[in-house]
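In case you want the letters, here they are:
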Amino acid sequence: MTLPPAADTRRQLVAIRGACFAPAALAVLLGACDSPTEAAFPEVISIAAAEVAPLVGLLEVTLRSPAALTVDYWTEGSPRLRIQAPAAATHSVTLTRLRAGRSYQYEIVETGHTGVLDAGPLPEDLAAVTFTATGVPTVELVLVHLFHPDGFKGYAVVDAAGEVVWYWQTVDFPFGATRRESGTFVLMDKGRGLLEVNATGQVVNELPQDLTQRELHHDVIATPWNTILFLAFDDRLFNGATLRGEAIWEWAPETESVVRRWTSWDHLDPAVDQGPRFGTEWLHANSLAVGPRDNVLVSLHYLNQVISIAPDWNSLEWRLGGVNATIPVAGNARFSGQHTARELSSGRIVLFDNGRDRGDYSRALELEVSGGIGTVAWEWGPTPLNYTSAVSSARRLANDNTLVGFGLAQGIGRSSGPTEFFEVEEGGEPLWRVVVGGTQVMYRAEPIATLAGEVVVNPQ
């Protein structure tokens, strides 16, 4: 193929080390730098670009000899993105975070070679979902879990403008997502199981759903030791009838094995540990998290309680709130029907309080445990108030802001709506609001820094 011309002599040269105070091109021609050496960038033999998965491009570059590459890509009205690739003679550079139906320009920074890459449209069911964004976030991307019985089911990543830049369709309810150290997603699909998926949409590992012996539900998380924990029902006989308890399974995808199992039946007793929604299902666990001591937190919706399992899984460290609590909460610290409980540090727990027993508003809630009781350290809800009787999430960001998602549309489960998520400052000021239309359920809203290592060079 005929290559586009390089932009100028400067861009065909790479500085190996040092600094130069003369203009770069002049420094190369006149030898103006004392310490650095300049070397000609290897000849580009071929370039090819194509969309290889929805909203994901692949740039293939062959060089005369190995070298690192920096690739910028952009479209009108969107951020200029950059991806860097380590030294090689043959490069396959993944260009993620594309907006649907757009034509992207790309540039190899070292040589100035440019080209065009076209992103295809969204599927009709996802295109029918709207994301109306106001404000400016600090979070780069958000992964939302969406479900409509007659529409889109699955996961979508949206950017600051509310544009969908990645998605994965599920067979049934999108019941939890996590990321491994490698950057792959592990996605729970109620109808299929656990799927480890890379940025290009390839399934790397899969654990099938088992509705008879180990029905996966409600959450999956990656551990610091690179395994996967997930929730599954554990059915047993109680008072002559089948009662749904809970189990946590630990999965090692590379060896395709389940390496550990915890069950609620060894640590709680349905005869005495009964919450206000006790029935054929006992606990209704709905979130997992690894704590600062490698303890495991589980949110038990039907007990209005968060428990901490010791690192060896042989005992409970504590039971926060609800029935038979070892750490009671009182007054405005009471929560009910909660989701996404995480221990930020010893004695600090953040969660989404659905307020199921209140029935009038929901909130993000941070509790401080001191003197054996839990008190409110921080709370936030929007104006006007939003009540969501189920689902939803609160995630603390590294900068101490909080991403808060209200996940049920108006009228679903007596919820007030709308379906929306916010980034909120520590002082309670919302920086960013996204209203989600065209769906019934947004199970969670999760912060994401990058899809495949891309970074923003200049935001719009």
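Draft legend 1. Local environment of the sheet that holds strand β21 (residues 296-300). The four strands lie next to each other as β20-β21-β22-β23, forming an open sheet whose pairing is antiparallel. Two strands close off the open sheet at either side, each with one partner strand: β20 (285-290) and β23 (316-320). Adjacent strand axes in the sheet meet at a mean angle of 15 degrees when their direction is disregarded. One ladder, built from five bridges, connects β20 with β21; its direction is antiparallel. Looking at β21, one finds that V290 is bridged to V296.

Draft legend 2. Structural view of the packing of aromatic side chains. Scanning the model with the defined rule gives twelve aromatic pairs in all. Residues F173 and F175 carry aromatic rings whose centres are separated by 4.7 Å and whose planes lie at 50 degrees to one another, so their mutual orientation is tilted. By relative accessible area, which is 13% here, F173 ends up buried. A relative accessible area of 10% places F175 in the buried class.

Draft legend 3. Broad picture of the pattern of salt bridges. Evaluation of the coordinates by the stated rule reveals 30 salt bridges. With a closest N to O distance of 3.2 Å, R277 and D357 form a salt bridge. Residue R277 is found in the loop between β19 (257-263) and β20, and its partner D357 is found in the loop between β25 (348-353) and β26 (363-370); the two are separated by 80 residues along the sequence. The buried category is assigned to R277, whose relative accessible area is 16%. The salt bridge involving R358 is made with D353; its shortest N-O contact spans 2.9 Å. On the basis of relative accessibility, which here comes to 29%, the residue R358 falls in the partly exposed class.

Draft legend 4. Region of the structure containing the environment of R293. You can see R293 is positioned in the loop between β20 and β21. The exposure class assigned to R293 is partly exposed, which follows from its relative accessible area of 32%. Spatially, the C-alpha atom of R293 lies 8.4 Å from that of S346, the residues being 53 residues apart in sequence. Not counting residues within four places of it along the chain, the set of residues in contact with R293 comprises S308, P311, E317, W318, E343 and S346. Polar side-chain contacts of R293 include one of 2.6 Å to the side chain of E317.

So, how was this worked out
- Residues numbered from 1 in each chain as written.
- Predicted model: local features only at pLDDT ≥ 70, side-chain atom pairs only at ≥ 80, totals over all residues.
- Heavy atoms only, no water.
- Pairing = 2+ DSSP bridges.
- Helix = DSSP H or I, 4+ residues; strand = E, 2+ residues; numbered from the N terminus.
- Axes fitted to C-alpha atoms, helices over the stretch in contact; angles between N-to-C directions.
- Phe/Tyr/Trp six-rings, centres within 6.5 Å; stacked < 30°, edge-to-face > 60°.
- Buried < 20%, exposed > 50% of the residue type's maximum accessible area, 1.4 Å probe, protein only.
- Salt bridge = Lys/Arg side-chain N within 4 Å of Asp/Glu carboxyl O.
- Contact = heavy atoms within 4.5 Å.
- Polar contact = N/O pair within 3.5 Å; in protein donor to acceptor, adjacent residues only side chain to side chain.

These figures come from the coordinates and say nothing about function on their own.
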